[in-house]
2 protein chains.
Amino acid sequence: MTDKEEYEVTPWDVEGNVNYNELIEKFGTERIDDEIREKIIEAAGEDHLYLRRDFIYSHRDMDKILEDYEEGEDFFLYTGIGPSGKMHIGHVISFYFTKWLQKAFDVNVYIQVTDDEKHWDRDMSFEEIDKNAKQNIREIAAVGFDPDKTFIFRNREYMGNMYDGVVKVAGKINNSTASAVFGFEGSTNIGMNFWPAIQCMPTFFENKRCLIPAAIDQDPYWRIQRDIAEKLGYYKTAAIHSKFIPALTGPDGKMSSSKPKTAIMLDDSPEEIEKKVKQNAFSGGGTTLEEHREKGADLSVDVSYQWLHNLLLEDDEQLEKIAREYSSGEMLTGEIKEILIEELQEFIGAHQERKENADELVQQMMYDGDLAQEMWDKKIDLEPGK
Amino acid sequence: MTDKEEYEVTPWDVEGNVNYNELIEKFGTERIDDEIREKIIEAAGEDHLYLRRDFIYSHRDMDKILEDYEEGEDFFLYTGIGPSGKMHIGHVISFYFTKWLQKAFDVNVYIQVTDDEKHWDRDMSFEEIDKNAKQNIREIAAVGFDPDKTFIFRNREYMGNMYDGVVKVAGKINNSTASAVFGFEGSTNIGMNFWPAIQCMPTFFENKRCLIPAAIDQDPYWRIQRDIAEKLGYYKTAAIHSKFIPALTGPDGKMSSSKPKTAIMLDDSPEEIEKKVKQNAFSGGGTTLEEHREKGADLSVDVSYQWLHNLLLEDDEQLEKIAREYSSGEMLTGEIKEILIEELQEFIGAHQERKENADELVQQMMYDGDLAQEMWDKKIDLEPGK
């Protein structure tokens, strides 16, 4: 993967219906160009599918992270989950990339479970939130984070340890800013209005650079952190952004746990995966065999191709072959779906296998691992000098 | 004190320049009339100066508290302190009345130390807030609450135990309501905007009626609690309101710790008290001896008289004599000031004496007493059924 041409836009490197460069301009982030991509890979010591395929494509201050890293300064990773229901493949992809970063750079990961925000945002009962949180945490632990360098925490449980910090952060954000960034209104409850302070808090868990892996649309929510961090004596958070993953049912939709057709759930059986892909995966192929053989498939809207390209198919040569044959009409939708089914079954199957034995990992990442113990032993009061 | 005439407005029962009846109408509270006053005294088993002198003069749902109490249902008291500086006599008066209520009705008292809100409201450093909080808590403990039925808690320290409840309360209050009641604006920080949830929280510490003793101007801030309490399965809070205590320097001012001339501080020495009263106590007497002898003093603006009447002088006959002689010009300002100095020295001296041995009381009310232990052992998640 040192050949620069691999990173250029090719017929099999297609982006659906989103103008991703426009999003970079709109939000003011930086493109992950060849130079920074190679630097990441060099520092990490290995390549990653998402980088190679340009699925991870934008960043903020990743260059600074790498510069510091070269000089022996490490950083930490921060991500989170809103426990509003079961998790699907779209949720877990970002955790897998975060795990890769953790392993490659040997850094701490903090994972916030927003069991307060989901009550404010959706008026969901604690009972339901807590049931979801428990399931979600098990899925996340199964991803394979380092149990001694990962801290998964539920805000409602951990607030006692971080409230001092949250108070200071909240004091630096005013209603107008929160409203401008999050769209809060008069009818928004004061809990939700307070949420930006809690969301920002983990970016100050260590006095090092924080790196947030997230989809590009999440970027604006970190503007607040970047406005206040230096006033508090901390670093502006860095970020590394992915493109969007289209819903199974088509590139205009969003995967949603409440609409099972749109997504592969992490607990789907091999049979369910097969059935869902066959029945629901949106095809860019022709509507008739004749049309397909003549015009070929539109890869930019074909969900099977998109998922294989962005998320699943490691083998570059095989992908190129699929792109060529499917876009020319030689390969049929049924055939590419078979490849997707196989890849999904393997990915989900391996995840489910790890989940079988995740209880101990959950315990370590939440309470007993080295980092978890350290976090429970301290109060985080935002005194960067300490 | 069963003679009804004692409660009527008399020449020595004067109110300065505030129209207290108008405040009752404005806020929609109830007058403490003879009937309810006698009921309170009867249930309490004893009278109190502040009630007798009409200093405690308005209420909400005090009738319901008393009805319940007659039927064997008890209630609990809730008050608080903002640790923004040293305490003066104006701050402690309300605590002394609360202590009297606790003793008379044998009920629990919760005292919130708002070490979060003071950061949000005044951008005060934690260091300064914590120093003030420590001093303030010692003053409060010296008032003499029952150490096994009193819980003094600092929000930043106790948040871990009450955050579940705070989350639920915050979910029931929207930005518009908070803004209408507290006057929050776009420039208000999101911490302060969240404050109403934390302020309300202790009214739900028990599934009984809560009674808040406070100055009448605090009443509007409890509208939010009264709007949401029943939705959460709890009681609307009751309240019992005092009039205002004029600053030492005159009825138009407010006592303030940052302007030592305006107040008697709880750590003033007998000499300081004497000096302050002589130099600063606003006089309603004539400007010359001749004028005073001719027209007498205006009791309604004379701070010495007001403080003796509302707060300090137990002896009704002596008070009546002072009123008569001072308003007629027979008694001079210097003479009533001497009486005030003596009463203040006695009150503050007794308080300071109790404060000498308050460390153990602080420890009990915050951590080791029966109620404190119970509160530290539980999470308050607002499940009224539990």
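The rules behind these values
- Note on numbering: residues in each chain are counted from 1, in written sequence order.
- All chains are assigned letters beginning at A, and all ligands numbers beginning at 1, according to the order in which they are written.
- In view of the model being predicted, local features appear only for residues whose pLDDT reaches at least 70, and side-chain atom pairs are presented and counted only at 80 or more, with totals across whole chains, interfaces and linings using the full set of residues.
- Side-chain numbers here rest on the full set of heavy atoms in the structure, without hydrogens or water.
- UniProt positions are given in the numbering used here, feature names are shortened, and annotations may be inferred rather than shown by experiment.
- In this analysis, two residues are considered to be in contact whenever any of their non-hydrogen atoms come within 4.5 Å of each other.
- In this description, buried area is defined as the sum, over both parts, of the accessible area (probe of 1.4 Å) that is lost when the two are combined.
- The term salt bridge refers to a side-chain nitrogen of Lys or Arg lying within 4 Å of a carboxyl oxygen of Asp or Glu.
- Two N or O atoms form a polar contact when they lie within 3.5 Å of each other; inside protein one atom must be a possible hydrogen donor and the other a possible acceptor, and for residues adjacent in sequence the pair counts only when both atoms belong to side chains.
- Here a strand is any run of E in DSSP of at least two residues, a helix any run of H or I of at least four, and the numbering for each starts at the N terminus.
- The least-squares superposition of copies is restricted to C-alpha atoms, and to residues with a pLDDT of at least 70 in both copies.
- Two strands pair under a simple rule: DSSP has to find at least two bridges between them.
- All axes are obtained by fitting lines to C-alpha atoms, using only the stretch in contact for helices, and the reported angles, taken between N-to-C directions, cover 0 to 180 degrees.
- Burial classification: accessible surface area is computed with a 1.4 Å probe over protein chains only, and a residue below 20% of its type maximum counts as buried, one above 50% as exposed, and the rest as partly exposed.
- His is not counted, nor are the chain ends, whereas Lys and Arg count as positive and Asp and Glu as negative.
- In this scheme Phe, Tyr and Trp rings, the latter by its six-membered ring, pair at centre separations within 6.5 Å, and the angle between planes marks the pair as stacked below 30 degrees, edge-to-face above 60, and tilted otherwise.
- Distance and angle both matter: a charge sits over a ring if NZ of Lys or CZ of Arg is within 6 Å of the ring centre and within 35 degrees of the ring normal.
- Like-charged residues within 9 Å of one another, or nonpolar side chains (Val, Leu, Ile, Met, Phe, Trp, Tyr) within 5 Å, are grouped into patches, provided each residue has over 30% relative accessible area and no salt bridge.
- The protein chains shown are the only cover counted for residues, whose accessible areas, like all others here, come from Shrake-Rupley with a 1.4 Å probe.
- Throughout, a charge is located at the NZ atom of Lys, the CZ atom of Arg, the CG atom of Asp or the CD atom of Glu.

The name that an unreviewed UniProt entry assigns to chain A is Tryptophan--tRNA ligase, with the source organism given as Candidatus Nanohalococcus occultus. Note on chain A: under the UniProt heading Sequence similarities (unreviewed entry), the record states "Belongs to the class-I aminoacyl-tRNA synthetase family."

S.K.: Run through the interface of chain A and chain B, naming residues and quoting values.
M.R.: Taken together, the contact between chain A and chain B spans 36 residues of the former and 36 residues of the latter. Approximately 2,800 Å² of surface area, both sides summed, lies buried where chain A meets chain B, with 60% of it carried by carbon and sulfur atoms. On the chain A side of the contact with chain B, Tyr 163, Asn 175 and Ile 190 of chain A bury the most area, a combined 26% of that side's loss. Our count for the contact surface shared by chain A and chain B stands at 2 salt bridges. One salt bridge in this structure joins Arg 156 of chain B and Asp 164 of chain A, with 2.6 Å as the shortest N-O distance. Here chain A is connected to chain B by 18 residue pairs in polar contact (both at pLDDT 80 or more). Residue assignment for the side of chain A that touches chain B shows that the elements contributing at least two residues are helix 6 (117-122), helix 8 (155-171), helix 9 (175-182) and helix 10 (190-200) of chain A. With 11 residues, the single largest contributor to the side of chain A that touches chain B is helix 8 of chain A.

S.K.: Outline the environment of Pro 220 of chain B, listing residues and values.
M.R.: Residue and element names in this part refer to chain B. Secondary-structure assignment places Pro 220 in the loop between strand 6 (209-215) and helix 11 (223-228). Between the C-alpha atoms of Pro 220 and Gly 28, which are 192 residues apart in sequence, the distance is 9.5 Å. With sequence-adjacent residues up to four places away left out, Pro 220 is seen in contact with Phe 27 and Val 181.

S.K.: Hey, could you go over the relation of the copies chain A and chain B for me, with residue numbers and the actual values?
M.R.: Of the transformation placing chain A onto chain B, the axial shift is 0.0 Å and the rotation is 180°, giving an RMSD of 0.0 Å. Considering both components of the superposition, the chain copies are consistent with a two-fold axis. Scanning chain A for the C-alpha nearest the rotation axis identifies Gly 160 of chain A, at a separation of 1.8 Å. Comparing interface residues between copies, 100% of those in chain A also lie at the interface in chain B; the contact surface is shared.

S.K.: If you had to explain the sheet that holds strand 1 (residues 30-31) of chain B to someone new, which residues and values would you point to?
M.R.: Residues and elements named next belong to chain B. Read from one edge to the other, the open sheet built from 7 strands follows the order 1-2-7-6-3-4-5, with strand pairing classed as mixed. The open sheet has two free edges, formed respectively by strand 1 and strand 5 (150-154), since each of these has just one partner strand. Docked against the sheet, helix 5 (residues 89-105) engages strand 2 (56-60), strand 3 (75-81), strand 4 (108-113), strand 5, strand 6 and strand 7 (238-242), running at close to 165° with respect to strand 3. Lying over the sheet, helix 7 (residues 126-142) contacts strand 3, strand 4 and strand 5, oriented at roughly 170° with respect to strand 5.

S.K.: Go over the side chain of Glu 343 of chain B, please, and point to the residues and values.
M.R.: Residues and elements named next belong to chain B. Tracing the chain through its elements places Glu 343 in helix 16 (residues 333-356). With no salt bridge to any partner, buried Glu 343 finds its closest opposite charge in Arg 53, at an N-O distance of 8.9 Å. Those residues in contact with Glu 343, other than ones at most four positions away along the chain, are Leu 308, Leu 312 and Leu 313.

S.K.: Please set out the packing of aromatic side chains residue by residue, giving values where relevant.
M.R.: Taken as a whole and judged by the stated rule, the model has 51 aromatic pairs over all chains. Here the aromatic rings of Tyr 69 of chain A and Phe 75 of chain A are separated by 6.2 Å at their centres, their planes lie at 65°, and the arrangement is edge-to-face. For Tyr 69 of chain A, a relative accessible area of 25% puts it in the partly exposed group. When the centroid spacing of 6.2 Å and the interplanar angle of 90° are considered together, the rings of Phe 151 of chain B and Trp 376 of chain B count as edge-to-face. With Phe 151 of chain B in strand 5 and Trp 376 of chain B in helix 18 (residues 370-377), this residue pair connects regions lying 225 residues apart in the sequence. Members of the aromatic cluster, joined through ring pairs, are Phe 76, Tyr 110, Phe 151, Phe 153, Tyr 158, Phe 205, Tyr 367 and Trp 376 of chain A. Positioned over the ring face of Phe 126 of chain B is Arg 156 of chain B, at 3.7 Å from the centre of the ring.

S.K.: Mind laying out a negative patch on the surface, listing which residues take part and the relevant values?
M.R.: Residue and element names in this part refer to chain A. A cluster of like negative charges, contributed by Glu 30, Asp 33, Glu 42, Asp 63, Glu 67, Glu 70, Glu 71 and Glu 73, occupies part of the molecular surface. Per-element tally for the negative patch: the top contributor is helix 4 (residues 62-70), with 3 residues. Assignment of secondary structure puts Asp 63 in helix 4. Relative accessible area serves as the criterion here: at 33%, Asp 63 is assigned to the partly exposed category.

S.K.: Could you give me a rundown of helix 17 (residues 359-368) of chain A, with the residues and numbers involved?
M.R.: Of the residues making up helix 17 of chain A, those classed as buried are Val 362, Gln 364, Met 365 and Met 366 of chain A. Those residues of helix 17 of chain A that are buried are in contact with helix 7 (126-142), strand 5 (150-154), helix 8 and helix 18 (370-377) of chain A.

S.K.: How would you sum up the side chain of His 292 of chain A? Please name residues and give values.
M.R.: All names here are of chain A. Here His 292 lies in helix 13 (residues 289-295). Under the relative-accessibility criterion, His 292 is labelled buried at 3%. Those residues in contact with His 292 that lie beyond four places of it in its chain are Gly 285, Gly 286, Ala 297, Tyr 326, Ser 328, Gly 329, Met 331, Leu 332 and Thr 333.

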